Amino acid sequence: MALIENENLSNSNSEDFNLKKMLLTYLKQWKWFVFSCLVCLAATFFKLRYTTPQYSAVAKIMLIDDSDKSSGALKDLALFSESEDAKVEDEIQVIKSRSFLRNIIKKLHLNVTYFAKGRIQELELYKKSPITLNFIEPDSIIDNVSFSFYAEIVSSTEFTYKVKEDGVSKKYTFGETIPTNFGGMIVTPKDGNLNDYMGSTIKVKISKLESLSESLKNRVIIAPSGKSSKVLSIILTDPVVEKAKDIINTLIDEYNKSTIDKKNEISNNTADFINERVELIAEDLVNVDNSIVRFKTGNKLTDVSTEAATFMQSSTINQQEMDQSKIELSLLNSMKSVLGDETEKYEPIPSNLGFGDATIGGLSTKYNELLQRRKTLLKSAGEQNPIVVELDQTLSSIRQNLTQSIDNSSNSLKIRINNLQNQSSRINSKILSVPGQESKLRSIERKQGIKEQLYLYLLQKREEAAISLTATSPSAKIIDEAYNSNGGPISPNKKIAYIAALFLGLAIPFGIIYVSSLLDTKIHNKEDLEKEIKHIPVLGEIPKLASGDKLIVEKTDRSILSESFRIIRTNLDFVRRSKDVKDFNNVIFVTSTINNEGKSFFSLNLALTMANTNKKVLLVGGDIRNPQIFSAIEKNSKDIKDRGLTEYLGDNTISIEESINHLNVNNIDIDVLLSGVVPPNPAELLMSDRLKQLFEEASSLYDYVIVDTAPAMLVTDTLLISKYAGHTAYITRADYTEKKILNFAKELHAENKLNNMMLVVNDVKQSNFGYGAKYGYYGAPKKKGFFGRFKNS
């Protein structure tokens, strides 16, 4: 009963999650974990060693919005409103435009790169190359060339040239023209470091300008530092940190230079317009001055009559207002002609001429701002871009508004001029009494004053335009020049790489073992068998034997195999004593579910183990379809009778004694009744009445009768003779017996088709075996003295 209680306790514990067992499952494979980790770490080491490090360069700039304020009327138009985020995004696209990037590539000569050839890697020699490549053909051809070659420096004056690394080389002198399919090129040495690369191979790579600009555009990252922020972070990753810094710094310089040029273009156009007007007014002023001189000289005038002072003053004011209106009308007509000229459709217009109508000045200012933005967008987008199309529509609308405003102002000025002319006529009628010479002189002097005022006004505006031209500021303020943000390479990250390698080294065997356990459908040891079949006692486990191990126990054997059978023998005797079996209590059938589970091997070794205790044992070859016992003992015994169980059952004249072989196997005496010749009707033969007589006599003559029977699931032989068995040892095999076919054993036990079933696990790996193998208790004793053996036992 103790064995059954232990069995129930084991089954109860096995139902719970056993963390220790789960860990032991993986710890048993520690060698694979160590091996996997070492392989992954070694692979990571070599990958890190031969991976080119990448460096990150970062710069920060702040966009400066120095555009003029729009007039009140324009502010109310939603058409011209634009969020700050949209402006920042537009500037980002401008900075990343291909025109800027092409200028950077040309300025830094990035389309020609030099590499030092190593055993595995190629190291870029940015600003450190011992040679320089020059082209004879123009840049328009070189910009579309994709070519590479290898140059090995032989001496201070010569080098070898080859197109392919394993191709034929040709010797050239520095400065000599090398012919290529795109024209000649010349290799010249640099001063200083040529001797350091003597005998080294330099790879020179020429890349297409467009492909380089596209690649650089994809690699440059420009993003605001925060939401609605005008501070931009410019990031570039490259194997050469100095190269990344130079590219970013040059990109910022090119952007600032471009914005300054755009602002200067508007200022220059305004200044040119003012200069033209100054020249015209200057000519008019000279003509007026000459008229005064001629008039005074001809009429000998030196003083102005005070009599007509009041009338003259009124006439002067009236004439000034009329002339001012005419000048404004003339300027409006000039501006209208500019707006009507389709050839200058997208050219800036003067915006600071001081018109009395603030709407015209505001529209002119906004018109120039939108023109500047349109030109900026055309650097990175085409004329069909939705934003450009929208701007064109907006510009057209402003031109129409300007034209309409100019027409309205012109009409108002014409009405005013007519009124002033009428008023002047009335005043002049009052001056008729004044001498004609005095009246004419005053008229000339009035024209002179007006011309002088207009002349001075235009000179002032010209100076303002010149000052704005010289004081133009860039649109980006540099906060941080390009610097290495990490102080070292950003990739590969060695710490993370080794941690990932270690994790992968542990995960691979863990995953394999875990998946294997999920897909595993076989039993592996006694514990697995007890989980599947909970109400049948397990006698023990038989270890898996190596190729050189003995397959049959010996008399004084202390191997794991022998000790395992001794444990099974002890457990079997315990079960026999605990069961109240009246008939055939000493008859033990050995069967299994299918072939190759080791029942014949178990039967022979169990019989020898029983016989080794000075018991009289009979081993019966009950598997008459596939007998295996004879092949196992034929080498150990010479005189084996040529008759067996089938001959005994088929011939009534043959007695039991005549069929039994008295053998000595490995110095152990044992009686064996072999299977005999394979009959054509094995099932019918086993139903013979002589079989009962056989077991009755054998049970009375022998202490133990071990019967090797056929697999129970494959044939019916075992079930036909199971009534003669007092006990049945049911053999399973580790790593072979499927868990699902154990349902057959459960059915046999539930239906009592086999008497007193007991289970045995055969071929168990020592890593899954019992405590004796685990702690090294089994095995032959070492040659030590008595006290040494006693101490270690």
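Residues numbered from 1 in each chain as written. Predicted model: local features only at pLDDT ≥ 70, side-chain atom pairs only at ≥ 80, totals over all residues. Heavy atoms only, no water.

A. Fine view of the packing of aromatic side chains. Under the criterion given, the structure shown has 18 aromatic pairs. Seen from their ring centres, Phe135 and Phe182 are 6.4 Å apart, and the 55 degrees between their planes marks the pair as tilted. Placement of Phe135 in strand 4 (residues 131-135) and of Phe182 in the loop between strand 8 (177-178) and strand 9 (185-189) is noted, with a sequence separation of 47 residues between them. Ring plane angle 20 degrees and centroid distance 5.4 Å describe the contact between Phe695 and Tyr724, whose orientation is recorded as stacked. A residue pair is termed long-range when its members are at least 10 positions apart, and Phe695 in helix 22 (residues 689-701) and Tyr724 in the loop between helix 23 (717-721) and strand 20 (727-733) qualify at 29 residues. (Phe/Tyr/Trp six-rings, centres within 6.5 Å; stacked < 30°, edge-to-face > 60°. Helix = DSSP H or I, 4+ residues; strand = E, 2+ residues; numbered from the N terminus.)

B. Examining helix 6 (residues 98-108) more closely. The set of residues buried in helix 6 consists of Ser99, Phe100, Leu101, Ile104, Ile105 and Leu108. Taken from the residues just after helix 6, His109 is the one with a positive phi, measuring 60 degrees. (Buried < 20%, exposed > 50% of the residue type's maximum accessible area, 1.4 Å probe, protein only.)

C. Spotlight on the environment of Tyr704. By the secondary structure assignment, Tyr704 is in strand 19 (residues 704-708). Overall, Tyr704 belongs to the buried group, its relative accessible area being 7%. It is 8.6 Å that separates the C-alpha atoms of Tyr704 and Ala611, two residues lying 93 residues apart in sequence. What Tyr704 contacts, discounting residues up to four positions off in sequence, is Asp573, Arg576, Asn586, Ile588, Met610, Lys615, Lys616, Val617 and Leu618. Within the structure, Tyr704 has its side chain in polar contact with the side chain of Asp573 (distance 2.8 Å). (Contact = heavy atoms within 4.5 Å. Polar contact = N/O pair within 3.5 Å; in protein donor to acceptor, adjacent residues only side chain to side chain.)

D. The arrangement of the sheet that holds strand 13 (residues 476-484) in detail. Read from one edge to the other, the open sheet built from four strands follows the order 11-12-1-13, with strand pairing classed as antiparallel. Both edges of this open sheet fall to strand 11 (221-224) and strand 13, since each of them pairs with a single strand only. Taking the axes of each pair of neighbouring strands and ignoring which way they run, one obtains an average angle of 20 degrees across the sheet. Here strand 1 (residues 55-63) pairs with strand 12 (residues 231-238) via eight bridges, running antiparallel. (Pairing = 2+ DSSP bridges. Axes fitted to C-alpha atoms, helices over the stretch in contact; angles between N-to-C directions.)

E. How the structure looks around the pattern of salt bridges. Taken as a whole and judged by the stated rule, the model has 26 salt bridges. With a shortest N-O distance of 3.7 Å, Arg576 and Asp573 are connected by a salt bridge. In this pair, Arg576 and Asp573 both sit in helix 16 (residues 560-578), three residues apart, roughly one turn of the helix. Taken individually, Arg576 and Asp573 each receive the classification buried, so the pair is uniform in this respect. (Salt bridge = Lys/Arg side-chain N within 4 Å of Asp/Glu carboxyl O.)

F. Focus on unusual backbone geometry. Looking along the chain, the bond that leaves Ser491 and enters Pro492 is cis, with omega of 0 degrees. With respect to the helices and strands, Pro492 occurs in the loop between strand 13 and helix 14 (494-519). Although it is not a glycine, His109 sits at a positive phi angle of roughly 60 degrees. With respect to the helices and strands, His109 occurs in the loop between helix 6 and strand 2 (112-117). Looking at His109, the relative accessible area reads 56%, which means it is exposed.

G. Main features of the packing of helix 6 against helix 8 (residues 209-219). Running from N to C, helix 6 and helix 8 point in directions that differ by 110 degrees, and their axes come no closer than 9 Å. Classed by the angle they form, the pair helix 6 and helix 8 counts as roughly perpendicular. Our pair here, helix 6 against helix 8, has a crossing hand that is right-handed. Side by side, helix 6 and helix 8 meet where Arg98, Leu101, Arg102, Ile105 and Lys106 of the first sit next to Leu209, Glu210, Leu212, Ser213, Glu214, Leu216 and Lys217 of the second. Here the contact of helix 6 with helix 8 is built from residues that sort into five nonpolar, one polar and six charged. (Parallel < 35°, antiparallel > 145°, perpendicular 65-115°, else oblique. Left-handed = near helix turned anticlockwise from the far one by under 90°. Nonpolar A, V, L, I, M, F, W, Y, C, P; charged D, E, K, R; others polar.)

H. Molecular detail of the pairing of strand 9. Sheet topology places strand 4 next to strand 9; five bridges connect them, and they run antiparallel. Note on strand 9: the bridge partner recorded for Asn134 is Ile186. As defined by bridge partners, strand 8 adjoins strand 9 across two bridges and the pair is classed as antiparallel. Each residue of the ladder has a partner; that of Ile178, found in strand 9, is Met185. Connecting the antiparallel pair strand 8 and strand 9 is a turn made up of six residues, with Gly183 showing a positive phi of about 120 degrees.

I. Structural detail: helix 24 (residues 742-750). For helix 24, the complete set of buried residues consists of Leu742, Phe744, Ala745 and Leu748. For helix 24, the angular spread of buried residues about the axis comes to 145 degrees, placing them on one side. Each element contacted by the buried residues of helix 24 is listed here: helix 15 (526-532), helix 23, strand 20 and strand 21 (757-764). Following helix 24 by one or two positions, Asn752 adopts a phi angle in the positive range, close to 55 degrees. (Arc of directions from axis to C-beta.)

J. The arrangement of a nonpolar patch on the surface in detail. Where nonpolar side chains cluster on the molecular surface, the patch consists of Leu19, Met22, Leu23, Leu24 and Leu27 and spans about 420 Å² of accessible area. Structurally, the position occupied by Leu27 is in helix 2 (residues 19-27). (Patch = residues over 30% accessible without salt bridge, like charges linked within 9 Å, V, L, I, M, F, W, Y side chains within 5 Å. Areas by Shrake-Rupley, 256 points an atom, 1.4 Å probe, with all protein chains shown as cover.)

K. Structural view of a negative patch on the surface. Together, Asp272, Glu276, Glu279 and Glu283 make up a region of like negative charge exposed at the surface. Examined against the element boundaries, Glu283 turns out to sit in helix 9 (residues 241-299). (Lys, Arg positive; Asp, Glu negative; His and termini not counted. Charge placed at Lys NZ, Arg CZ, Asp CG, Glu CD.)

L. Quick look at the nonpolar core. Judged by nonpolar contacts, the single largest core of 35 residues is most densely connected at Phe602, Leu606, Leu608, Leu619, Val672 and Ile706. The element contributing the most residues to this core is helix 17 (residues 599-611), with seven residues. Ignoring anything within four residues of it in the chain, the contact list for Leu608 reads Ile552, Val553, Val665, Ile668 and Ile670. Of all hydrophobic cores here, the second largest spans 31 residues; its members include Leu209, Leu216, Ile247 and Ala476. (Core = buried A, V, L, I, M, F, W, Y, C linked by side-chain atoms within 4.5 Å.)

M. Looking closely at the sheet that holds strand 4. If you trace the three strands from one edge of the open sheet to the other, you get 4-9-8, paired in antiparallel fashion. Either end of the sheet is taken by a strand with one partner, and the two such strands are strand 4 and strand 8.

N. Here's a closer look at the side chain of Asp708. With respect to the secondary-structure elements, Asp708 resides in strand 19. A relative accessible area of 2% places Asp708 in the buried class. Side chain to side chain, Asp708 and Ser600 meet in a polar contact 2.6 Å long. Beyond its immediate sequence surroundings of up to four residues, Asp708 is in contact with Val590, Lys599, Ser600, Ser603, Val620, Gly621, Gly622, Asp623 and Ile629.

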